[in-house]
Amino acid sequence: YRGVVPPNSMAQEDQEWFSRLWDREGKEKRIGFFGTAEGSTYDTEASCLAAVEASMRPGGPKKDTVLVYLSAHGVTNGNGDPCLLLSSSKPLDECTWLPLNGFLEKIHERVQGKSGDGDPIKTVVFLDASRMLWDPHLGLLYNGFNEQLADVVQGIPGHLVLINSASVGEVGWHGPEY
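Throughout, a residue's number is its position along its own chain's written sequence, starting from 1. Residues qualify for local features only when their pLDDT is at least 70, as the model is predicted, and side-chain atom pairs are given and counted only at 80 or more; totals for whole chains, interfaces and linings, by contrast, use all residues. Excluded from the side-chain calculation are hydrogens and water; included are all heavy atoms of the structure.

### Considering the pairing of strand β2 (residues 73-76)
Two strands pair when backbone bridges link them, and β2 and strand β3 (residues 82-85) are joined in this way by four bridges, in the antiparallel orientation. Its bridge partner being in β3, Gly74 is matched across the sheet by Leu84. Pairing between strands is defined by DSSP: at least two bridges between them are needed. Runs of H or I in DSSP of at least four residues are treated as helices and runs of E of at least two as strands, each being numbered from the N terminus. Where β2 folds back onto β3 in an antiparallel hairpin, the turn is made up of five residues, including Gly80, whose phi is positive at roughly 85 degrees.

### Comments concerning the sheet that holds β2
Here three strands make up an open sheet; going across it, the order is β2-β3-β4 and the pairing antiparallel. Strand pairing shows two members of the sheet lacking a second neighbour, β2 and β4 (98-99), which therefore form its edges.

### Notes on the environment of Asn146
Within the fold, Asn146 resides in helix α4 (residues 145-155). A C-alpha to C-alpha distance of 8.0 Å links Asn146 and Pro82, two positions 64 residues apart in sequence. Contacts between residues were defined by any pair of non-hydrogen atoms, one from each residue, lying within 4.5 Å. Setting aside residues up to four positions removed in sequence, Asn146 forms contacts with Ser130, Asn164, Ala166, Ser167, Val168 and Glu170. As used in this structure description, the phrase polar contact means that two N or O atoms lie within 3.5 Å; if the pair is within protein, one of them must be able to donate a hydrogen and the other to accept it, and residues adjacent in sequence are counted only when both atoms belong to side chains. Within the local environment of Asn146, its side chain forms a polar contact with the side chain of Ser130, the two groups lying 2.6 Å apart.

### So, unusual backbone geometry
Even without glycine at this site, Lys63 takes up a positive phi of about 55 degrees. Counting through the fold element by element, Lys63 comes out in the loop between α2 (45-55) and β1 (65-71). What makes Lys63 partly exposed here is its relative accessible area of 44%. Summary of the burial criterion: residues with accessible area below 20% of their type's maximum are buried, those above 50% are exposed, and those between are partly exposed, where the area comes from a 1.4 Å probe applied to protein chains only.

### Structural notes on α2
Restricting attention to buried positions, one finds in α2 the residues Ser47, Cys48, Leu49, Ala51 and Val52. Tucked inside the fold, the buried residues of α2 contact β1 and α3 (100-112).

### A few points about the packing of α2 against α3
Interhelical geometry of α2 versus α3 gives an angle of 30 degrees and a closest axis separation of 10 Å. As α2 runs across α3, the sense of the crossing is right-handed. Along the contact surface, α2 presents Glu45, Cys48, Leu49, Val52 and Glu53, while α3 presents Gly102, Phe103, Lys106, Ile107 and Arg110. Residues are grouped as follows: Ala, Val, Leu, Ile, Met, Phe, Trp, Tyr, Cys and Pro are nonpolar; Asp, Glu, Lys and Arg are charged; all remaining types, including Gly, are polar. Split into classes, the residues belonging to the contact of α2 with α3 amount to five nonpolar, one polar and four charged. Lines fitted to C-alpha atoms define the axes, with helix axes restricted to the stretch in contact, and inter-axis angles between N-to-C directions lie between 0 and 180 degrees. Put simply, a crossing is left-handed when the front helix is turned counterclockwise from the back one by less than a right angle, and right-handed when it is turned clockwise.

### Observations regarding the sheet that holds strand β6 (residues 160-164)
Spatially, β1-β5-β6 is the arrangement adopted by the three strands of the open sheet, whose pairing is parallel. Each having just a single partner strand, β1 and β6 make up the two edges of the open sheet. Taken pair by pair, the neighbouring strands of this sheet meet at an average axis angle of 15 degrees, ignoring direction. In this structure, strand β5 (residues 122-128) lies alongside β6, joined through five bridges in parallel fashion. In the sheet register, Thr123 faces β6, and the bridge partner there is Leu160. α3 contacts β1, β5 and β6 of the sheet and is inclined by roughly 145 degrees relative to β5.

Written out as structure tokens, the structure reads:
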């Protein structure tokens, strides 16, 4: 974020926690990781989509579910569309932001392409993008990202579920133990 926007709080710790959870002895690894808080090269839509596609394997009892966890700052552009700030995004230039709606549609397309038997694969996207409610350094008096997610959810294809870390008017704080 070029030093203007702080890193998304707890993203690295979340990745480490998920990794420990699935790396326990006797557990089959059903989660793929890409990118880290330091040195991430996933700074464009294409690189993020390629990494999601390469790391996903349907799991669950019927091997028909993919879980995707995204941690990035969420903002809205001038049209009110929810977008994600990637590490290459310029916070003051919305042309560099990743529109969430199109990104979710592309994730859905790639997941469905992994179905070997033609049955739909359920995709659950966990979105940790609600850590900035306001930021005076960016001229952000109020972040309407969470409000705009309702419109995105209406347009999401069937078999894709979006779970956000905060509701309208809320911000995703880390726990008191941190």
